[in-house]
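Listed below are the residues making up each chain.
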Amino acid sequence: MVLQSLKNCLWLSCVLRTPKACFWSTASGGLIIQSVSNDVYQNLAVEDWIHDHMDLEKQQILFLWRNSPAVVIGRHQNPWQECNLRLLRQKNIKLARRRSGGGTVYHDLGNINLTFFTTRKKYERMGNLKLIVKALKALRPQLDVHVTDRYDILLDRQYKISGTAAKLGRANAYHHCTLLCNADKFVLSSVLKSPYKGLKSNATPSVPASVRNLFEEDPSLTSEMLLDAIAKEYAVQHQIDHHVTLINPADETLLPGISNKTKELQTWEWVYGKTPKFSVSTCLKISYKDSVIDVKVNMDVKHGKIEVCNIDLPEQWLPPGLYNELVKSLTGSKFCPNEITTLVTTLLRVCPQDDELHSRWSLLCENMIRLM
Amino acid sequence: VCIHRVRSCSGIRFIKSKYVCVFDKSALKFSHQQRLFRTSPVSCGQIVQFKLSDIGEGITEVTVKEWYIKEGDSVSQFDSICEVQSDKASVTITSRYDGVIRKLHYSIDDIAFVGKPLVDIEIDASKGVAPEEDVVETPPMSHEEHTHQEIKGHKTLATPAVRRLAMENNIKLSEVVGTGKDNRILKEDILNYLAKQTGAILPPSPKAEIVPPLRKTEAVPAAPKDKARRIPVPVSRPIAFSGKDKTEPVTGFQKAMVKTMSAALKIPHFGYSDEIDLTQLVQLREELKPLAEIRGVKLSFMPFFIKAASLGLLQYPILNASLDENCQNVTYKASHNIGVAMDTEQGLIVPNVKNVQVCSVFDIAVELNRLQSLGSAGQLGTSDLTGGTFTLSNIGTIGGTYAKPVILPPEVAIGALGKIQVLPRFNGKGEVFKAQIMNVSWSADHRIIDGATMARFSNLWKSYLENPASMLLDLK
């Protein structure tokens, strides 16, 4: 594989469109780029940037990228339903929401991501997936891989090794997919299992599938080999040179406005706030002193904020004034453990200073926070 | 403008009287210069049914997932209207027209059909410029062709404001090179075109869109160059500021802070400030830092400040007390749970180090490290954030010298630490030396604490820090 740096592009004829047109325009009908970053937000921002700014009439683009551990949910999904947020926070695994539809996936360096950029007219997922299968078979002819009509790639007719999603805009479209080479299946299965009960929503649900790494089938395979094989096949099919250009998602000169896009993808408003309206309906079993009390909790969450909050406590377990204060404060707050923790502990400062009261309050709040 | 409309509108009732334009001779002359109007008639306030365009891959139905607009909103061409999903593909539907949304045909989670109306838009014809693209087309568009990609002819994209500017200057849009997204023609492009034609030098227009990042790295050398290039502008246009006020409700943590701070201000505060010579402490910390690092802990000044405060509280326990609501009883707290104010994304949070009275400076450093990493990850627990009895706020890490901190109920005292500055001071021999000076500002509840108590506590705290070896005498 010949890696060509930015400087070498200068000899290519330029069609002045963007500030760094020389990088982006090639004389041929295609361009293969690979990200030097493993940051999921930066890489998703590159996708956004190309989708928003590039004219893909004359050339199509293949973007190759890998991420350090992250869970990526689809545009219209509910992160509480899809993954174990507690575990993610503990293990410092990032959570990102992409702009394309589809289900939830786990990324780490053993997984490769491929994005096929075209104009909206030329959007065609089957062709792209067949290209990948062709590349895999050229690399290892004995591999039993095929594309299903759900746009998955299956290994040995039963194991999913690739999932697909797509985004269509006014003029452009992209189809991206994963490819499991050597991902950590143990972490994958534990983070993609949600512990949250009582959630009701119309968010797009993920369809769980048994997965397998290509590495398990053939230990001689590496992510680099797969990336190279796919780039080669793309080059052949688009009749372009087998050159992969490296791209730095932090380069504001090359990608003006990219840092804003990266920032937006990391905001709470985007990652959690874009969750379609959902409700939480559960019964907390709180053990206090020698007894266990049942507390029925019903909450409606819209835009990631608690719109309606109902807590059914045994009478007088908390003084009514305090109880009302709690419900009033929760209403309108983010459905976020950190936000609620700081909120309830701050409120405690203006409560009567009674140890019994404080421990009941803390106990109830801690149980509520576990729902988030 | 008006003539054309009157001609084509004959027989069509006006929906709004304001569209009836003034009919005079000047308008008659003007109309001959109009080259950008569509040949097909457009009636004022016409409601157009914007249909869901083809998604590709033979898809006939999608689910509406999010509306970006609501009924009554104004939209411009290319604004996003909604997000629909079909089989793992998320599609952004953008408006084809400028106008006002009059009806949404679907609610969230409804199934929408390709080719059927998605929204009704009332086309705002009063703006005087056709919202359609500058199209050379023969037959009127059939209903199925209400999609962007199927328009025949030369496509030039420009917003209504830009089109108006072109029209006012008699410019044909097809002759202008667009430098915006999708080759869109921007206001700058029109100005550049004009400049080339007339040879006039126009004032540089403020860059509203993508700000060149060169500003950051080349800020200094670029400035003199710009000044030299700037040519005095004959016409100065007043720059219209289009910023709008933004109102948001106060929710969540902010609401709780409002409550707490309102309660805090009911406490009669008094302040007491002093300056501390930390020269010896700075040296001591330098010596101890590598030892702490070997043990895997970052040692800042805070553990010393916190331990010294606890030693002081042993002598002046009233500062570690709490006054009940009715001011009937004072509770002297046994534990010194010293809170450390932290600045996070959410705002001010105050986790506390428990039982400092039985902790060594190193223990405090370990605990601080733990609280700081949890704090920045947004993972502090309820026990970390409750039970505080006394607070220190190291605002000096951000800046400042003297402050006026607000007591956090149910506590009765708080200290704000300014930044450490290197200042000249006189020593015992009357010589000037370099001193590391930090200011401290205390606030205390004057209902149960008097100035003398605060002053004596502060002096004791100060003496421990100015002569750290003296802490050894009183460490428990």
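All values derive from a computational prediction rather than experimental measurement.

Conventions and cut-offs
- Residues numbered from 1 in each chain as written.
- Chains lettered and ligands numbered in written order.
- Predicted model: local features only at pLDDT ≥ 70, side-chain atom pairs only at ≥ 80, totals over all residues.
- Heavy atoms only, no water.
- Helix = DSSP H or I, 4+ residues; strand = E, 2+ residues; numbered from the N terminus.
- Buried < 20%, exposed > 50% of the residue type's maximum accessible area, 1.4 Å probe, protein only.
- Contact = heavy atoms within 4.5 Å.
- Areas by Shrake-Rupley, 256 points an atom, 1.4 Å probe, with all protein chains shown as cover.
- Lys, Arg positive; Asp, Glu negative; His and termini not counted.
- Charge placed at Lys NZ, Arg CZ, Asp CG, Glu CD.
- Core = buried A, V, L, I, M, F, W, Y, C linked by side-chain atoms within 4.5 Å.
- Domains from an automatic or database assignment.
- Buried area = accessible area lost by both parts, 1.4 Å probe.
- UniProt positions renumbered as here; feature names shortened; annotations may be inferred.
- Salt bridge = Lys/Arg side-chain N within 4 Å of Asp/Glu carboxyl O.
- Polar contact = N/O pair within 3.5 Å; in protein donor to acceptor, adjacent residues only side chain to side chain.
- Axes fitted to C-alpha atoms, helices over the stretch in contact; angles between N-to-C directions.
- Parallel < 35°, antiparallel > 145°, perpendicular 65-115°, else oblique.
- Left-handed = near helix turned anticlockwise from the far one by under 90°.
- Nonpolar A, V, L, I, M, F, W, Y, C, P; charged D, E, K, R; others polar.
- pLDDT = per-residue confidence, 0-100.
- Expected span 1.5 Å × (residues − 1).
- Pairing = 2+ DSSP bridges.

> Any chance you could explain the overall build of chain A here in plain terms?
When you go through chain A residue by residue, the secondary structure sums to 13 helices and 17 strands. Principal axes of the C-alpha set define a box for chain A whose edges measure 75 × 45 × 30 Å. Evaluated residue by residue, chain A yields a buried proportion of 58% over its 372 residues. Here the contacts in chain A between residues at least 6 apart in sequence split such that 73% fall between residues at least 24 apart. Carbon together with sulfur atoms contributes 51% to the accessible area of chain A, which is approximately 15400 Å² in total. Both charge centroids of chain A, one from 46 positive and one from 37 negative side chains, sit 4 Å from each other.

> What is the right way to look at the nonpolar core in this model?
For soluble globular proteins, the rule of thumb is that nonpolar side chains tend to be buried together. Formed by 84 residues in total, the largest nonpolar core has its most connected members in A:W24 and A:I311. Residue-level mapping places this core at the junction of two domains, with at least three residues from each of domain 1 (29–272) and domain 2 (278–371) of chain A. Counting residues in hydrophobic clusters, the runner-up holds 52 residues, among them B:I306, B:L311, B:L380 and B:L465.

> Which parts of the structure should I look at to understand the domain arrangement of chain A?
By convention, interface size is frequently given as the accessible area that disappears when the constituent parts associate. Residue and element names in this part refer to chain A. The domain boundaries assigned to chain A delineate domain 1 (29–272) and domain 2 (278–371). Relative placement of domain 1 and domain 2: their C-alpha centres are 39 Å apart. Contact with domain 1, which involves 13 residues of that partner, is made by 14 residues of domain 2. Interface area for domain 1 against domain 2, summed over the two sides, is near 1100 Å², with a carbon-plus-sulfur share of 57%. When the area that domain 1 buries against domain 2 is broken down by residue, the three leading residues are W80, R86 and W268, summing to 45%.

> Where do I start with the UniProt feature "domain: Lipoyl-binding" (unreviewed entry) in chain B in this structure?
Here the UniProt feature "domain: Lipoyl-binding" (unreviewed entry) sits at residues 47–122 of chain B. Split by type, residues 47–122 of chain B is 0% helix and 55% strand. Its first and last C-alpha atoms lie 4 Å apart.

> How should the environment of A:V271 be read in this particular structure?
Residues and elements named next belong to chain A. Structurally, V271 can be placed in helix 10 (residues 268–271). Look at V271 and you get buried, because its relative accessible area is 3%. C-alpha separation for the pair V271 and G304, spaced 33 residues apart in sequence, amounts to 9.2 Å.

> I tried to follow helix 11 (residues 320–330) of chain A on my own but got confused; where do I start?
Each α-helix winds once per 3.6 residues, and so residues spaced three or four apart point in a common direction. If you check which residues of helix 11 of chain A are buried, you get A:L322, A:E325, A:L326, A:V327, A:S329 and A:L330. Residues of helix 11 of chain A that are buried make contact with strand 17 (305–312), helix 12 (337–348) and helix 13 (355–369) of chain A together with helix 7 (252–264) of chain B. A:G332 lies just past helix 11 of chain A and shows a positive phi near 95°.

> Got a minute to help me understand the interface of chain B and chain A in this structure?
Chain B puts 53 residues into the contact, and the matching count from chain A is 57 residues. The contact between chain B and chain A buries some 4700 Å² in all, and 48% of this surface belongs to carbon and sulfur atoms. Considering only the side of chain B, the residues that lose the most area to chain A are B:E57, B:K88 and B:T382, jointly responsible for 16% of the buried surface there. In this structure, the connection of chain B to chain A is made through seven salt bridges. For A:R75, the salt bridge is made with B:E66, and the minimal N-O distance between the two is 2.9 Å. Inspection of the region where chain B meets chain A yields 26 residue pairs in polar contact (both at pLDDT 80 or more).

> How should I be thinking about the UniProt feature "domain: BPL/LPL catalytic" (unreviewed entry) in chain A in this particular structure?
The UniProt feature table records "domain: BPL/LPL catalytic" (unreviewed entry) at residues 56–242 of chain A. Between the C-alpha atoms that bound residues 56–242 of chain A there is a distance of 19 Å. The span itself is 27% helix and 28% strand.

> What is the right way to read the packing of helix 5 (residues 125–139) of chain A against helix 8 (residues 223–237) of chain A from this model?
The description of two helices packed together rests on the angle between their axes and the distance between the axes. Residues and elements named next belong to chain A. Where helix 5 contacts helix 8, the axes come no closer than 9 Å and their chain directions differ by 120°. By the angle between their directions, the pair helix 5 and helix 8 is classed as oblique. Like other packed secondary-structure pairs, helix 5 and helix 8 cross with a definite hand, here right-handed. Along its contact with helix 5, which presents L131, I132, K134, A135, L136 and L139, the element helix 8 presents M225, L226, A229, I230, E233, Y234 and Q237. Across the contact of helix 5 with helix 8, the residue classes tally to 10 nonpolar, one polar and two charged.

> Is there a simple way to think about the domain arrangement of chain B in this case?
When its domains are assigned, chain B resolves into domain 1 (46–123), domain 2 (160–195) and domain 3 (268–473). Here the C-alpha centre of domain 2 of chain B lies 29 Å away from the C-alpha centre of domain 1 of chain B.

> Please clarify how the confidence of the model for chain B should be interpreted in this entry.
Detailed reading of predicted coordinates is not advised where the pLDDT is low. Residues and elements named next belong to chain B. Per-residue confidence for chain B gives a mean pLDDT of 78, with 73% of residues at or over 70. When the criterion is pLDDT under 50, residues 36–43 qualifies, and its contacts beyond four places in sequence or with other chains add up to 16 contacts. Here residues 199–228 scores under 50 on pLDDT; set against residues more than four positions off or in separate chains, the count is 18 contacts. For this predicted complex, the interface score ipTM comes out at 0.84, alongside a pTM of 0.75.

> Would you take a moment to explain helix 12 of chain A for this structure?
End to end, helix 12 of chain A covers 16 Å across 12 residues, agreeing with the expected 16 Å (1.5 Å per residue, within 8%). Taken across its 12 residues, helix 12 of chain A has 12 buried, putting it largely inside the fold.

> Explain the sheet that holds strand 3 (residues 74–75) of chain B here, please?
Strand pairing in a sheet is mediated by backbone hydrogen bonds. Such pairs are either parallel or antiparallel. Residues and elements named next belong to chain B. An order of 1-8-6-3 is seen for the four strands of this open sheet, with the pairing classed as antiparallel. The open sheet has two edge strands, strand 1 (47–51) and strand 3, and neither has a second partner. Direction of pairing for strand 1 relative to strand 8 (residues 117–123): antiparallel, over a ladder of five bridges. Bridging from a neighbouring strand, I47 pairs with E122 of strand 8.

> Just checking my understanding: could you explain the confidence of the model for chain A for this structure?
Residues at a pLDDT of 70 or more form 93% of chain A, whose mean pLDDT is 89. Contacts for the low-pLDDT stretch residues 1–19 of chain A, under 50 throughout, to residues beyond four places or in other chains number 32 contacts.

> Got a minute to help me understand the sheet that holds strand 15 (residues 278–288) of chain A in this structure?
Residues and elements named next belong to chain A. Strand order in the open sheet made by the four strands is 13-15-16-17, with antiparallel pairing throughout. Only two strands of the sheet have a single neighbouring strand rather than two, namely strand 13 (199–201) and strand 17. Strand-to-strand, the axes of this sheet are offset by a mean angle of 15°, without reference to chain direction. As paired strands, strand 16 (residues 291–302) and strand 17 are joined by seven bridges and run antiparallel to one another. Its bridge partner lying in strand 17, D300 is registered against V308. The sheet strands contacting helix 13 are strand 15, strand 16 and strand 17, and the helix crosses strand 15 at an angle near 140°.

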